[in-house]
Amino acid sequence: MDITYTDFYGEKAYLTTQEINWFRDVCELCKAATSINLPIEPHNHEKLHGKQKVALAFICTDNKDDPFAGDTVISVDTYFIHECYLEVFQGICNLSLTTLEEAIAHEFAHCFQWRHCKRHDRITEMFYQKIKNYAKKQNTA
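Residues numbered from 1 in each chain as written. Predicted model: local features only at pLDDT ≥ 70, side-chain atom pairs only at ≥ 80, totals over all residues. Heavy atoms only, no water.

Draft legend 1. Representation of the pairing of strand 3 (residues 40–43) in the model. Burial along strand 3 is one-sided: Ile40 and Pro42 are buried, and none of Glu41 and His43, which face the opposite way, are. Here four bridges tie strand 3 to strand 5 (residues 72–77), and the two strands are oriented parallel to one another. Each residue of the ladder has a partner; that of Ile40, found in strand 5, is Ile74. (Buried < 20%, exposed > 50% of the residue type's maximum accessible area, 1.4 Å probe, protein only. Helix = DSSP H or I, 4+ residues; strand = E, 2+ residues; numbered from the N terminus. Pairing = 2+ DSSP bridges.)

Structural data, given as structure tokens:
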């Protein structure tokens, strides 16, 4: 598990234990809400190349036709995790304007529609609504 990132000042930093625990909790909530049980791992995307280097999250699979049948993992950028944590717990603006839950819902949608298109957008929104509704129920229970 790679928990490093480059901070706002260009210095090497690490996700805190609190950030990692929060990340894991959000991932488990998203999985429970959608019944999608894929591994979701933090990774420093700055170490990658091409589009993956700037992605907030991405799904990596060896079987695009059936991601549930192959080796599939969702990678979430460590700086994005840090940024989302600060927004939730300290009210600091998340510059990506996307929540961790939205990013995970987006990656889950790729399991059903690989390409970005209107159908992918609808599936992403469906998963995101399921996650929000599930979280709301958990908070009121």
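Draft legend 2. Molecular detail of the confidence of the model for the protein chain. Of all residues in the protein chain, 99% attain a pLDDT of 70 or more, and the chain-wide mean is 93. Of all helices and strands in the protein chain, the one with the weakest mean pLDDT is helix 2 (residues 51–54) (86), whereas helix 1 (residues 17–34) scores best (98). (pLDDT = per-residue confidence, 0-100.)

Draft legend 3. The packing of aromatic side chains, seen in detail. For the structure on display, the rule yields eight aromatic pairs. When the ring of Trp22 is compared with that of Tyr85, the centres are 5.8 Å apart and the planes differ by 75°; the resulting orientation is edge-to-face. Here Trp22, found in helix 1, pairs with Tyr85, found in helix 3 (residues 78–90); they are 63 residues apart in sequence, far enough to count as distant. Summarising the burial analysis for this pair, Trp22 and Tyr85 share the class buried. Taken together, the ring pairs in this structure connect Phe68, Phe108, Phe112 and Phe127 into an aromatic cluster. (Phe/Tyr/Trp six-rings, centres within 6.5 Å; stacked < 30°, edge-to-face > 60°.)

Draft legend 4. Summary view of the nonpolar core. Ile40, Val76, Leu100, Ile104 and Phe108 are the most contacted members of the largest nonpolar core, which totals 32 residues. Elements that contribute at least two residues to this core include exactly helix 1, strand 4 (57–61), strand 5, helix 3, helix 4 (100–109) and helix 5 (118–140). Looking at this core element by element, the count peaks at seven residues for helix 1. Not counting residues within four places of it along the chain, the set of residues in contact with Phe108 comprises Cys30, Lys31, Thr34, Ile36, Ile40, Ile74 and Phe127. (Core = buried A, V, L, I, M, F, W, Y, C linked by side-chain atoms within 4.5 Å. Contact = heavy atoms within 4.5 Å.)

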